[in-house]
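# Structure assessment
For reference, the chains in residue letters:
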Amino acid sequence: MSTSEEISTLLVTKFGTDPEAIRPNVPLHRLRLDSLALEELRLHIEDRLDVDLEDVALTSRDTVGRLVEAVQGKVTA
């Protein structure tokens, strides 16, 4: 499963996000992810993909694509 698919799966299963709403250009706040939800998502991604995202700064204004890029950068590092 790709990083993008893993993140989409987490958004759907953990946050009840509509799969149709998850697109690279959609800001995270449009998916109803506030700062607390982003922190929870970060922890789920770290557990699922075995990466450390501590130094990745994301806000709800960032897009799904930016999140995927940041995580992929850590997975391939």
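Structure's up top.
Okay, so let's go over this structure. (Residues numbered from 1 in each chain as written. Predicted model: local features only at pLDDT ≥ 70, side-chain atom pairs only at ≥ 80, totals over all residues. Heavy atoms only, no water.)

### Some words on the pattern of salt bridges
Note the following rule: Salt bridge, as applied in this entry: a Lys or Arg side-chain nitrogen positioned within 4 Å of an Asp or Glu carboxyl oxygen. Under the DSSP-based scheme used, a helix requires at least four consecutive residues in state H or I and a strand at least two consecutive residues in state E, with every element numbered from the N terminus. Three exposure classes are used, based on accessible area relative to the maximum for each residue type with a 1.4 Å probe and protein chains only: buried under 20%, partly exposed in between, and exposed over 50%.
Summed over all chains, the structure comprises 5 salt bridges. Note that Arg42 is salt-bridged to Glu39, the shortest N-O span being 2.4 Å. With Arg42 and Glu39 both in helix α2 (residues 35–49) and 3 residues apart, this pair spans about one turn of that helix. Classification of Glu39 as partly exposed rests on a relative accessible area of 35%. For Glu46, the salt bridge is made with Arg42, and the minimal N-O distance between the two is 2.7 Å. Pair noted here: Glu46 and Arg42 are both in helix α2, with a separation of 4 residues, about one helical turn. Taken as a pair, Glu46 and Arg42 share a single burial class, namely buried. Sharing partners across several salt bridges, the network here consists of Glu39, Arg42, Glu46 and Glu54.

### Things to note about the side chain of Asp62
Note the following rule: Neither His nor the chain termini are counted; the positive set is Lys and Arg, and the negative set is Asp and Glu. Note on contacts: a residue pair is in contact if any heavy atoms of the two residues lie within 4.5 Å.
Relative to the helices and strands, Asp62 is located in the loop between α2 and α3 (64–75). Notably, Asp62 is buried but unbridged: the nearest opposite-charge side chain belongs to Arg66, and the N-O separation is 4.3 Å. Apart from the residues lying within four places of it in its own chain, the contact partners of Asp62 are Val26, Pro27, Leu28 and Ala57.

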